[in-house]
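If you want the building blocks of each chain, they are given just below.
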Amino acid sequence: MANIIAIVGRPNVGKSTLFNRLTESRKAIVDDFSGVTRDRHYGVAEWTDKQFTVIDTGGYVANSEDVFEAAIREQVVIAIEEASVILFMVDVITGITDLDDEIAQILRRSKKPVFIVVNKVDNTSLENDAAVFYGFGLGEIYSISSMTGSGTGDLLDEVISHFEDVVIEDNGLPKLTIVGRPNVGKSSLINALMGQERNIVTPIAGTTRDSIHIHYNQFGHEFMFIDTAGLRKKTKVKENIEFYSVMRTIKALEEADVVILMLDAMEGLESQDVNIFHLAEKNKKGIVILVNKWDLVEKDNKTMKAFEEQIRQKLQPFTDVPIVFTSVISKQRIFKAVETALEVYKNRGKKIPTSKLNDVMLPIIENYPPPALKGKYIKVKYVTQINATSPMFAFFCNLPQYIKEPYKRFIENKLRENFDFNGVPIQIYFRQK
Ligand SMILES: Nc1nc2c(ncn2[C@@H]2O[C@H](COP(=O)(O)OP(=O)(O)OP(=O)(O)O)[C@@H](O)[C@H]2O)c(=O)[nH]1
Ligand SMILES: Nc1nc2c(ncn2[C@@H]2O[C@H](COP(=O)(O)OP(=O)(O)OP(=O)(O)O)[C@@H](O)[C@H]2O)c(=O)[nH]1
């Protein structure tokens, strides 16, 4: 089961501030790429050795107070159903409001772990004021200051102790999932690929009730579809449809080996898609981009190229990703899409023999060594691929701490030029030897 933390609470209590703090801490530690777009609503975070996804449920722009509060209540219900842990954030300065009380009432019916996070406790003199929130009857309270970070460590220690280990069912077959915003054509694609069969397959229940695993075995291809496309929840508020589908997407993504990110050609790649892309990238999943509804685009011989460039521009720095233009309606390139996803699956499992790796990479490094720092030369001695589910390389050298980001990028590009890793994130480490 995916570990998802949802931060709920009324506006202005500081949800986004905590979210930024949690997701940035990971960025500083493990995210090797700089210049990555900051994920606004959901991101990957890490505490001690546990990795998890954080969702910030704020950010409504609603026209009436009623709709607004209904939307928040609905979000809390979705969070209870879909998240593993809920952080209910309140504000020590304002105390308990009516909306806080309503949210607490919904949360009291939840079976999921709920943490009351009392924010804006910037100094110890405010700690006494926090005690009022015991009145919710939801157990322990955690006083924090999202602004300074104080108290967040204790909170996270407690939160991660409620995570379950991610158990992923494995029958050795590639696991693909199709993700994308509502209405891009996900269900249509699965239906088109399965043909009549979809109606007769008995869905193999996934490890959780979050997804359906469909065994595909036709036209010489065998794999598993992690399908969430059929699972839809009726929500009254537009933003919540998105919120719900994001939750489902995160879970499907964590179970899959390769993520097929489907776009609508008429809309292009939007920020929500870029978020999903980065989520897949950070989870080290293989990625294929499908530009669907290509039939609707007025095109000439340059359109596809221009479209591709536009997309890659937004995906930087990880642009070595296949892009396939499909029309599910006219069955154009739908098998190509599957074949490409299976290629990416192969690339993700690729192991380069150490001798070959050194034969190729050492001369490149010799010709273009890492820049010397403070008069010290960096000597790379050898490289090896580490045994892992996605490509990971260790370069052994005398002064690993002197290797800077641009040089890592250079090395990654050379690996990609010489060995096909199309569609897969690569991790590169420099180690002391
Ligand atoms: N003093 C103090 N102010 C804080 C703290 N955390 C957040 N704030 C401030 O509270 C205000 C609201 O913070 P946000 O993080 O935007 O709140 P939110 O809950 O995400 O709000 P919505 O996006 O509207 O749902 C901002 O002005 C923050 O600077 C804190 O720990 N202490
Ligand atoms: N013109 C055109 N329409 C398409 C294509 N693929 C799907 N559609 C239409 O787009 C609409 C949405 O398709 P769905 O397959 O339901 O999309 P979905 O991504 O599963 O949508 P949600 O279930 O809301 O997430 C339907 O009316 C489809 O007929 C395509 O390639 N071209």
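Analysis parameters
- Residues numbered from 1 in each chain as written.
- Chains lettered and ligands numbered in written order.
- Predicted model: local features only at pLDDT ≥ 70, side-chain atom pairs only at ≥ 80, totals over all residues.
- UniProt positions renumbered as here; feature names shortened; annotations may be inferred.
- Helix = DSSP H or I, 4+ residues; strand = E, 2+ residues; numbered from the N terminus.
- Buried ≥ 20, exposed ≤ 12 C-beta atoms within 10 Å, placed from the backbone.
- Contact = placed C-beta atoms within 7 Å.
- Pairing = 2+ DSSP bridges.
- Axes fitted to C-alpha atoms, helices over the stretch in contact; angles between N-to-C directions.
- Arc of directions from axis to C-beta.
- Core = buried A, V, L, I, M, F, W, Y, C linked by C-beta atoms within 7 Å.
- Near = placed C-beta within 6 Å.
- Nonpolar A, V, L, I, M, F, W, Y, C, P; charged D, E, K, R; others polar.
- pLDDT = per-residue confidence, 0-100.
- Expected span 1.5 Å × (residues − 1).
- Right-handed = clockwise from strand over helix to strand, strands pointing away.

The name given to the protein chain in an unreviewed UniProt entry is GTPase Der, with the source organism recorded as Pedobacter westerhofensis. The heading Function (unreviewed entry) in the UniProt record of the protein chain holds the text "GTPase that plays an essential role in the late steps of ribosome biogenesis." Per UniProt, the protein chain has the following entry under Sequence similarities (unreviewed entry): "Belongs to the TRAFAC class TrmE-Era-EngA-EngB-Septin-like GTPase superfamily. EngA (Der) GTPase family."

**Q** Can you lay out the overall build of the protein chain for me, pointing to particular residues and giving the numbers?
**A** Helices and strands together make up the secondary structure of the protein chain, namely 13 helices and 16 strands. A buried classification covers 40% of the 433 residues belonging to the protein chain. Here the analysis covers contacts within the protein chain between residues at least 6 apart in sequence; of these, 72% occur between residues at least 24 apart.

**Q** So what's going on with the sheet that holds strand β15 (residues 392-397)? Which residues, and what values?
**A** Strand order in this open sheet of 3 strands is β14-β15-β16, and the pairing throughout is mixed. Each edge of the sheet is formed by a strand with only one pairing partner; in this case those strands are β14 (380-385) and β16 (427-432). Here the strands of the sheet are splayed against their neighbours by 20° on average, with no regard to which way each runs. The pairing of β15 with β16 spans 6 bridges and is classified as parallel. Bridge pairing links F395 to F430 in β16.

**Q** Residue-level account of the sheet that holds strand β5 (residues 114-119), with values.
**A** Taken in spatial order, the 6 strands make up an open sheet running β2-β3-β1-β4-β5-β6, and their pairing is mixed. Across the chains shown, the open sheet's two edge strands, defined by having one partner strand only, are β2 (42-47) and β6 (141-143). The average undirected angle you get between the axes of adjacent strands in this sheet is 30°. In the packing of helix α5 (residues 152-160) onto the sheet, the strands contacted are β1 (4-8), β2, β3 (50-56), β4 (85-91), β5 and β6, and the crossing angle to β5 comes to about 170°.

**Q** How would you summarise α5 if you had to cite specific residues and measurements?
**A** Side chains of residues three or four places apart in an α-helix project in the same direction, reflecting 3.6 residues per turn. The set of residues buried in α5 consists of T152, L156 and V159. With its buried residues spanning 60° around the axis, α5 presents them on a single face. Across α5 from its buried face, at more than 90 degrees, point the exposed residues G153, D154 and D157.

**Q** So what's going on with the nonpolar core? Which residues, and what values?
**A** If you look at soluble globular proteins, the nonpolar side chains tend to sit buried side by side. With 112 residues, the main nonpolar core has F88, V118 and I260 as its most contacted residues. The leading source of residues in this core is helix α8 (residues 238-255), at 7 residues. With residues up to four places along the chain from it excluded, the contact list for I260 reads L176, T177, I178, V288, L290, A337 and A341.

**Q** Run through the environment of A372, naming residues and quoting values.
**A** You can see A372 is positioned in the loop between α12 (354-367) and β14. Each C-alpha atom, one on A372 and one on F88, is 50 Å from the other, the two residues being 284 residues apart in sequence.

**Q** For the site of ligand 2, give the residues involved together with the corresponding values.
**A** Around ligand 2 sit 17 residues in total, of which P182, G185, K186, S187 and S188 are the nearest. When residues of the shell around ligand 2 are assigned to their parent elements, the largest contribution, 3 residues, is made by helix α6 (residues 186-194). Split into classes, the residues belonging to the shell around ligand 2 amount to 6 nonpolar, 7 polar and 4 charged.

**Q** Could you give me a rundown of the confidence of the model for the protein chain, with the residues and numbers involved?
**A** Confidence in the prediction for the protein chain averages 85 pLDDT; 85% of positions are at 70 or higher. Contacts from residues 25-40, a stretch scored under 50 in pLDDT, to residues over four places away or in other chains number 18 contacts. Throughout residues 199-209 the model reports pLDDT below 50, and contacts reaching past four residues in sequence, or to other chains, amount to 17 contacts. Our summary of model confidence lists the complex with pTM equal to 0.76 and ipTM equal to 0.74.

**Q** I'd like to hear about α12, residue by residue, with values.
**A** End to end, α12 covers 20 Å across 14 residues, agreeing with the expected 20 Å (1.5 Å per residue, within 8%). For α12, every residue scored as buried is listed here: L357, M361 and I365.

**Q** Give me the pairing of β5: which residues, what numbers.
**A** With 6 of its 6 residues buried, β5 lies for the most part within the structure. Covered by surrounding structure in β5 are V114, I116 and V118 together with F115, V117 and N119, the residues of both alternating faces. With 6 bridges joining them, β4 and β5 adopt parallel strand pairing. The residue bridging V90 from the neighbouring strand is V118, located in β5. Once the chain exits β4 it traverses helix α3 (residues 98-108) before rejoining the sheet at β5, and the crossover so formed is right-handed.

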